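Observations on chain architecture
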Amino acid sequence: MADIRTYNVVVLGIGFLFIFTAFTTCGNIEQTVVKSLNSTNFTGSGYHSLGIIYGVFSFCNVLAPTIVAIIGPRFTMFLSGILYSGYIAVFIIPSTWSFYFTSVVIGIGAAMLWTAQGHFLVENSDASTINRNTGLFWALLQCSMLFGNLYVYFDWKGKTEISDKDRKIMFTALLVISVLGTLSFLALRKVCQLEEALSEEEGQSLLSARLIYKQRATSAVTEAKTEFKTIVEIFKTKTILLLSFCMAYSGLELSFYSGVYGTCIGATTHFGDAAKGLIGISGIVVGIGEIIGGGLFGLVLKNNRFRRTSVVFLGMVVHFVAFYLIFLNIPDDAPVVLQTSSQHKPYLAPSPVVQLLAGSWGQLFQHSTLQHSGPGVC
């Protein structure tokens with residue numbers, strides 16, 4: 001039993017590694033790719049797409065547990081992986097309507113995927129293995145920031161424009177990676193639960209599949225209503241109201257680093273022919289910052305109230321410094337310039353080293369801040 005559960009956790013982590021290697025790389029470069037499109041019929045914006053994705057994601061988190069309860073976590077993750085792959089496939093032959101439609105669809109898929117992931121991880125863990133399994137899963141997941149962005153660096157290095165051929169090769173490779181991650185969910189094995197054995201003894205196996213799913217749906221809807229009421233009650237508490245400001249800031253910061261920062265670097269003409277390649281390097285150093293921050297502070301500062309608070313405030317100071325350096329080194333039109341290159345001059349001469357350090361510093365404390373933001377902080 002223990003071997004099957006460990007196997008499932010490893011396969012789960014590998015599946016997420018592949019899927020988010022494709023998706024995080026896509027999010028990091030999509031606005032740059034959109035601005036490089038030669039088609040005059042495409043009017044989509046990578047920023048609008050990411051906004052739609054995470055807006056739908058937030059709303060659907062309330063509904064996702066019901067779906068997972070009805071069809072099960074394994075099939076839910078497989079279905080969600082297909083939706084992720086569909087979003088990436090749009091960039092091979094882009095059109096405005098499919099771009100925004102899949103943005104909505106992937107937002108739904110993201111809510112189902114992460115809800116199912118939590119359900120499946122708990123299902124394959126117990127009190128003695130939950131920390132180990134969670135750490136193993138996140139270690140594999142965070143590596144997704146490395147490989148795709150490394151490919152971007154080598155493929156785009158020295159290029160000033162992203163041609164249609166470059167785009168198609170890039171996103172075909174990302175699509176294959178995403179599909180492989182989706183297919184890996186089929187290799188997950190079912191862990192026999194005591195409840196399932198009892199249900200078979202009581203003759204539940206004689207029920208028709210239609211009746212079984214009807215019972216699951218009825219139970220899931222009832223649980224969803226109860227959970228929604230609980231969420232509303234919890235949100236009214238002082239602790240959650242205070243933490244909501246930390247969560248909102250973390251969301252803004254993560255949005256910047258995952259979708260805007262790479263675009264800014266790629267649009268900075270002062271970096272010359274290296275600008276597009278630096279998008280990949282920036283994604284790598286951001287990922288390294290996440291891995292080091294989450295691992296180091298998660299282990300060293302565990303269960304220490306004073307140090308936990310210190311980490312959050314230290315992270316705040318480092319974020320101020322990192323964002324100020326970015327403000328000084330990046331042209332103010334880099335995030336929104338209609339062409340692929342900026343026209344304005346920054347306050348200081350842009351330095352790739354400063355920009356990459358700012359990226360790694362910012363994310364070094366991102367996950368540690370999330371981990372240690374709790375009642376002791378607020």
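Residues numbered from 1 in each chain as written. Predicted model: local features only at pLDDT ≥ 70, side-chain atom pairs only at ≥ 80, totals over all residues. Heavy atoms only, no water.

Along the backbone of the protein chain there are 15 helices and 0 strands. Taking all 378 residues of the protein chain together, 46% fall into the buried category. Considering only residue pairs separated by 6 or more positions, the protein chain has 84% of its internal contacts joining residues 24 or more positions apart. Of the roughly 19,000 Å² that the protein chain leaves accessible, carbon and sulfur atoms contribute 69%. (Helix = DSSP H or I, 4+ residues; strand = E, 2+ residues; numbered from the N terminus. Buried < 20%, exposed > 50% of the residue type's maximum accessible area, 1.4 Å probe, protein only. Contact = heavy atoms within 4.5 Å. Areas by Shrake-Rupley, 256 points an atom, 1.4 Å probe, with all protein chains shown as cover.)

All right, on to the nonpolar core then. By size, the foremost hydrophobic cluster in this structure holds 48 residues, and its most contacted members are Leu12, Phe16, Met77, Phe171 and Phe185. Counting residues per element, the ones that place at least two in this core are helix 1 (2-36), helix 2 (46-60), helix 3 (64-71), helix 4 (73-90), helix 5 (96-123), helix 6 (130-142), helix 7 (144-156) and helix 8 (164-184). It is helix 1 that contributes the most residues to this core, 12 residues altogether. Filtering out sequence-adjacent residues up to four positions away, Phe185 remains in contact with Leu12, Gly15, Phe16, Ile19, Met77, Phe78 and Leu113. Judged by nonpolar contacts, the second largest core, of 16 residues, contains Phe256, Ile265, Ile330 and Ala334. (Core = buried A, V, L, I, M, F, W, Y, C linked by side-chain atoms within 4.5 Å.)

In this section: the environment of Val285. With respect to the helices, strands and loops of the structure, Val285 is situated in helix 12 (residues 275-300). A sequence separation of 136 residues divides Val285 from Asn149, and the C-alpha atoms of the two residues are 9.6 Å apart.

Our focus in this paragraph is a nonpolar patch on the surface. Together, Val176, Val179, Leu180, Leu183 and Leu186 make up a nonpolar patch on the protein surface, roughly 430 Å² of accessible area in all. Note that Leu180 resides in helix 8. Using a relative accessible area of 45% as the deciding quantity, one classes Leu180 as partly exposed. (Patch = residues over 30% accessible without salt bridge, like charges linked within 9 Å, V, L, I, M, F, W, Y side chains within 5 Å. Salt bridge = Lys/Arg side-chain N within 4 Å of Asp/Glu carboxyl O.)

Now for helix 7. The first and last C-alpha atoms of helix 7 sit 19 Å apart over 13 residues, in line with the 18 Å expected at 1.5 Å per residue. If you check which residues of helix 7 are buried, you get Ser144, Met145, Leu146, Gly148, Asn149, Val152, Tyr153, Asp155 and Trp156. Of the residues trailing helix 7, Gly158 is marked for its positive phi of about 85°. (Expected span 1.5 Å × (residues − 1).)

The subject of this paragraph is the side chain of Thr21. Positionally, Thr21 belongs in helix 1. Not counting the four nearest positions on each side in its chain, Thr21 is found in contact with Phe16, Ser144, Phe147, Gly148, Leu174 and Ile177.

Turning to the packing of helix 3 against helix 4, a few remarks are in order. Between helix 3 and helix 4, whose axes approach to 7 Å, the crossing angle comes to 120°. In terms of orientation, helix 3 lies oblique with respect to helix 4. Note on element contacts: helix 4 touches helix 3 through Pro73, Phe75 and Thr76, opposite Ile67, Val68 and Ile71. Along the lines of polarity and charge, the residues of the contact of helix 3 with helix 4 split into 5 nonpolar, 1 polar and no charged. (Axes fitted to C-alpha atoms, helices over the stretch in contact; angles between N-to-C directions. Parallel < 35°, antiparallel > 145°, perpendicular 65-115°, else oblique. Nonpolar A, V, L, I, M, F, W, Y, C, P; charged D, E, K, R; others polar.)

Another point: the packing of aromatic side chains. Counting across every chain of the model gives 24 aromatic pairs. An angle of 40° between the planes, with centres 6.3 Å apart, marks the rings of Tyr54 and Phe57 as tilted. Here Tyr54 and its partner Phe57 are both found in helix 2, 3 residues apart, which amounts to about one turn of the helix. Given the relative accessible area of 38%, Tyr54 is considered partly exposed. According to the relative accessible area criterion, Phe57 is buried, its value standing at 16%. (Phe/Tyr/Trp six-rings, centres within 6.5 Å; stacked < 30°, edge-to-face > 60°.)

The interhelical angle for the contact between helix 4 and helix 8, taken along N-to-C directions, is 175°, at an axis separation of 9 Å. The angle between helix 4 and helix 8 falls in the class roughly antiparallel. Side by side, helix 4 and helix 8 meet where Phe78, Gly81, Ile82, Tyr84, Ser85, Ile88 and Ala89 of the first sit next to Phe171, Leu174, Leu175, Ser178, Val179, Thr182 and Leu183 of the second. Class assignment for the residues of the contact of helix 4 with helix 8 results in 10 nonpolar, 4 polar and no charged.

Take the environment of Trp97 next. Mapped onto the fold, Trp97 is located in helix 5. Distance in space between the C-alpha atoms of Trp97 and Thr43 is 9.4 Å, their sequence separation being 54 residues.

What follows covers the pattern of salt bridges. Between side chains of opposite charge, a pair can form as their charged atoms come close. Taken as a whole and assessed by the stated rule, the structure comprises 2 salt bridges. In this structure, Arg167 engages Asp164 in a salt bridge whose closest nitrogen and oxygen atoms are separated by 2.8 Å. Residue Arg167 and its partner Asp164 are located together in helix 8, separated by 3 residues, close to a single helical turn.

It is worth spelling out helix 11 (residues 238-267) at this point. Given a rise of 1.5 Å per residue, 30 residues ought to cover 44 Å, and the 43 Å separating the end C-alpha atoms of helix 11 matches this to within 8%. Remark: the principal bend of helix 11, roughly 45°, maps to Val260. (Bend = angle between axes of the 7 residues up to and from the residue.)

The next thing to look at is the confidence of the model for the protein chain. With 78% of its residues at a pLDDT of at least 70, the protein chain reaches an overall mean of 78. Contacts from residues 194-206, a stretch scored under 50 in pLDDT, to residues over four places away or in other chains number 7 contacts. Across residues 371-378, confidence stays below pLDDT 50; counting only partners more than four residues off in sequence or on other chains, it has 24 contacts. (pLDDT = per-residue confidence, 0-100.)

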